[in-house]
Amino acid sequence: MKKGYKWVFLSLVLLFLYLPIVVLAIYSFTDSTSIGVIRNFSLQNYINLFTTPELRNMIIGTFVLALVSATIATILGTLGAIGSFYSKQKTSNAISVMNQIPVINADVVTGFSITILLVVVLKVSKDSFIPLLAGHVTLCAPFVYLAVMPKLIQMDSGLYEVALDLGATPARALRQIVFPQILPGVISGFLLSTTLSLDDYFITTYTKPATFDTISTYVVNATKGSQTSTKTALWALATVIFVLVIVVVLAMNIKALRAQDHK
Amino acid sequence: MRIHFTRKNLGIPYVLFLLIFVVMPLLVLFYFAFTNGSGEFTLTNLTDFFTNPNTLGTLFYSFAIAATTTFFCLILAYPVAYFLATSKLKARSVIIMLFVLPMWINFSLRITALKEILTLIQGNLAFYPFANSVIGMTYDFLPFMILPIYTAIEKLDPALIEAAKDLGADDKETFLRITLPLSLPGVISGIAMVFLPSMTNYVVLDMLYNSTFIMGSLIGSYFAADNWNGGSMIALILLLIICIFTLLTTTKEEDNKDGGNLL
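Residue indices follow the written sequence of each chain, beginning from 1 at its first position. Written order determines the labels here, with chains lettered from A and ligands numbered from 1. It should be noted that, the model being predicted, local features are given only for residues of pLDDT at least 70 and side-chain atom pairs only at 80 or more, the latter also being counted only at that level, while totals for whole chains, interfaces and linings use all residues.

The helix and strand labels rest on DSSP assignments: H or I over at least four residues marks a helix, E over at least two residues marks a strand, and numbering proceeds from the N terminus. From N to C terminus, chain B includes 11 helices and 0 strands. If you list the helices and strands of chain B from N to C, you get α-α-α-α-α-α-α-α-α-α-α. Oriented by its inertia axes, the alpha-carbon framework of chain B measures out at about 75 × 70 × 35 Å. Residues are called buried when their C-beta atom has 20 or more other C-beta atoms within 10 Å, exposed when it has 12 or fewer, and partly exposed otherwise; all C-beta atoms are positioned from the backbone. Buried positions account for 43% of the 263 residues belonging to chain B. We call two residues in contact when the distance between their C-beta atoms, placed using the backbone, is within 7 Å. Contacts in chain B between residues far apart in sequence, at least 24 positions, make up 75% of those at least 6 positions apart.

Rendered as structure tokens:
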């Protein structure tokens, strides 16, 4: 196989994945209102992004929601995994099956069914943020469970018994022996939860209060409207998030690569 | 030792959570799907779906969009995953990161970027609604196809390839008889991660001005009309499709093992 073709193919796929975002990022630094029109350099989009109260509240709201739901999901999912791991096989299987439902289910169905239960049947007001939070935790917690479970299985289970023999209380043994061993799973569960919550559209749109928006619901509505200053401020938002994601992901990977080298 | 502290009891909050927010909503969905607005048992929601040419058309259109998207994701993702997983480059783990990194950027912002580019190329998005939707979905879901295939090929024991070559197989034969069959579990989980979301993520269609419905859009429109009974039936039908699809794509030994590889 000729080597050149491989790299051409890889580059073309990368181009497909990145060209739209890069072009959008370039145009976010101009005063153009549509892509393709060449205009002057301008930071107005970035100024609008950080000074328009509506945009600022929407961004802060999205991140607060993501962090709160990821935190709750991580606590619930981690405790659930520990409980399930130490339960009888049958109980553990039953929990795993229930846990799998939101994972394979479509977000549209999850969001719709939670809305019916909470809003239509139990009459919980959407303005209480309870349906929204419940929806996001339901979306995230199963992935925490799935991230923690393999760590429990790989864990050296003898250490817990040794700690008890040496006089530790079960709670202390759990905190000081079990928890550090499953921590990588807990952390990746938390990170995955945050991303899932940040990216969600369907559960949010069905369960959110009318006056609250996340980035996803806001962007989707904005593309339908025709307010140009909002539209181009969102280009700036896309650029900021793009750069943030690149920095975080590359930093994590370079660290992992370094760790590999040291072995 | 404190009396009520046992490790398995730690799972109780999560089990209660799953019962309330996962199992209960599904039961309510069932109830609503088989009743009418005044709570009487009825099958009309079901028969309506299968006798109305519009809803049946939506079902077929969803399958068409999902199948085409899955096809394009597969023919783009497989070579990328194969070239990278078999390359001897040390930096390949960083390069594969570049391919999956877009999945951490909010999808609505990425589709906005794609929309601007497509508008620039085509002038007006209305001419190719089907093609644009498939491009949008492929753009959105491609990383989810690349990652599992890459993982499957990378795990492959190089000794098998060497053995095949020692036994006289050429490159093509080695690929067809060793690499391809052994990478199939990755392909199957990739298909599962692309096909189902392509049937339901109607926002991609909305944002790219494709006004034809897919299954997800039906739920969205029933939601907008407060028609909980009709919407529940669609959700239930989708759930059935998801269940069948999951049973078909779950290989026994792979069960959940790959669940944690998203991060």
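What chain A contains, in helices and strands, is 11 helices and 0 strands. Throughout, the radius of gyration refers to the C-alpha atoms, and the reference size of a globule is 2.2 Å times the residue count to the power 0.38. A globule of 263 residues ought to have a C-alpha radius of gyration of about 18 Å, yet chain A, at 23 Å, is considerably larger. Along the first, second and third principal axes, the C-alpha set of chain A runs to 75 × 60 × 35 Å. Across chain A, every contact between residues at least 6 apart in sequence was considered, and the portion connecting residues at least 24 apart equals 72%.

For the rest of this paragraph, the subject is the confidence of the model for chain B. Detailed reading of predicted coordinates is not advised where the pLDDT is low. pLDDT measures the predictor's confidence residue by residue and takes values from 0 up to 100. When pLDDT is averaged across chain B, the result is 88; 93% of the residues are at 70 or more. The element-level mean pLDDT for chain B is lowest in helix 7 (residues 158-166) of chain B, coming to 85, with helix 1 (residues 12-33) of chain B highest at 96.

So, about the packing of helix 3 (residues 53-86) of chain B against helix 8 (residues 171-200) of chain B. All names here are of chain B. In this description, a line fitted to the C-alpha atoms serves as the axis of each element, helices being fitted only across the stretch in contact, and the angle between N-to-C directions of two axes falls anywhere from 0 to 180 degrees. It is the contact of helix 3 with helix 8, at a shortest axis distance of 8 Å, that shows an interaxial angle of 145°. Viewed along their axes, helix 3 and helix 8 form a crossing whose handedness is right-handed. Here Ser 62, Ile 65, Ala 66, Thr 69, Thr 70, Cys 73 and Ala 77 of helix 3 lie close against helix 8, whose contacting residues are Gly 190, Ile 191, Val 194, Phe 195, Ser 198 and Met 199. When residue character is reported, Ala, Val, Leu, Ile, Met, Phe, Trp, Tyr, Cys and Pro are called nonpolar, Asp, Glu, Lys and Arg charged, and the others, Gly included, polar. Tallied by class, the residues present in the contact of helix 3 with helix 8 amount to 8 nonpolar, 5 polar and no charged. A crossing counts as left-handed when the near helix is turned anticlockwise from the far one by less than a right angle, and as right-handed when that turn is clockwise.

Despite not being glycine, A:Phe129 has its phi angle at roughly 65°, a positive value. Here A:Phe129 shows up in the loop between helix 5 (107-121) and helix 6 (130-154). In the Ramachandran plot, B:Asp226 falls in the positive-phi region, its phi being about 55° despite a non-glycine side chain. Positionally, B:Asp226 belongs in the loop between helix 10 (215-224) and helix 11 (228-249). A tally of 9 C-beta atoms within 10 Å means that B:Asp226 is categorised as exposed.

Now for the interface of chain B and chain A. Size of an interface, as often reported, equals the accessible area lost when the parts are brought together. Contacts between the two partners involve 68 residues from chain B, matched on the other side by 73 residues from chain A. Listing elements by their share of the side of chain B that touches chain A, those giving two or more residues are helix 1, helix 3, helix 4 (92-100), helix 5 (107-122), helix 8, helix 9 (202-207), helix 10 and helix 11 of chain B. The element contributing the most residues to the side of chain B that touches chain A is helix 1 of chain B, with 15 residues.

Now for the nonpolar core. Soluble globular proteins: nonpolar side chains tend toward being buried together. Membership of the largest hydrophobic core comes to 138 residues, with the highest contact counts inside it found for B:Ala81, B:Met145, B:Ile146, B:Ile149 and B:Leu238. No other element matches the 13 residues that helix 6 (residues 129-155) of chain B contributes to this core. Any nonpolar core is a set of buried residues, restricted to Ala, Val, Leu, Ile, Met, Phe, Trp, Tyr and Cys, that join up through C-beta atoms within 7 Å.

Relative to each other, helix 1 (residues 3-28) of chain A and helix 5 of chain B sit at 85°, their axes nearing to 8 Å. Relative to helix 5 of chain B, helix 1 of chain A is oriented roughly perpendicular. On helix 5 of chain B, the residues touching A:Leu19, A:Pro20, A:Ile21, A:Val23 and A:Leu24 of helix 1 of chain A are B:Arg110, B:Ala113, B:Leu114, B:Glu116 and B:Ile117. Within the contact of helix 1 of chain A with helix 5 of chain B, the residues separate by chemical class into 8 nonpolar, no polar and 2 charged. Orientation labels follow simple angle bins: below 35 degrees gives roughly parallel, above 145 gives roughly antiparallel, 65 to 115 gives roughly perpendicular, and whatever is left gives oblique.

For the rest of this paragraph, the subject is the environment of B:Phe144. All names here are of chain B. Mapped onto the secondary structure, Phe 144 falls in helix 6. Take Phe 144: there are 20 C-beta atoms within 10 Å of it, and that puts it in the buried class. Note: C-alpha distance between Phe 144 and Val 100 (44 residues apart in sequence) is 7.4 Å. Setting aside chain neighbours within four positions, we find Phe 144 in contact with Met 103, Gly 190, Met 193 and Val 194.

Turning to the environment of B:Phe127, a few remarks are in order. In this structure, B:Phe127 sits in the loop between helix 5 and helix 6. C-alpha separation for the pair B:Phe127 and B:Tyr209, spaced 82 residues apart in sequence, amounts to 9.9 Å.

The subject of this paragraph is the environment of B:Phe213. Residue and element names in this part refer to chain B. Mapped onto the elements of the fold, Phe 213 is located in the loop between helix 9 and helix 10. Expressed as a C-alpha distance, the spacing of Phe 213 and Thr 200, which sit 13 residues apart in the sequence, is 9.8 Å. If we skip the residues at most four places from it in the chain, Phe 213 touches Thr 58 and Leu 218.

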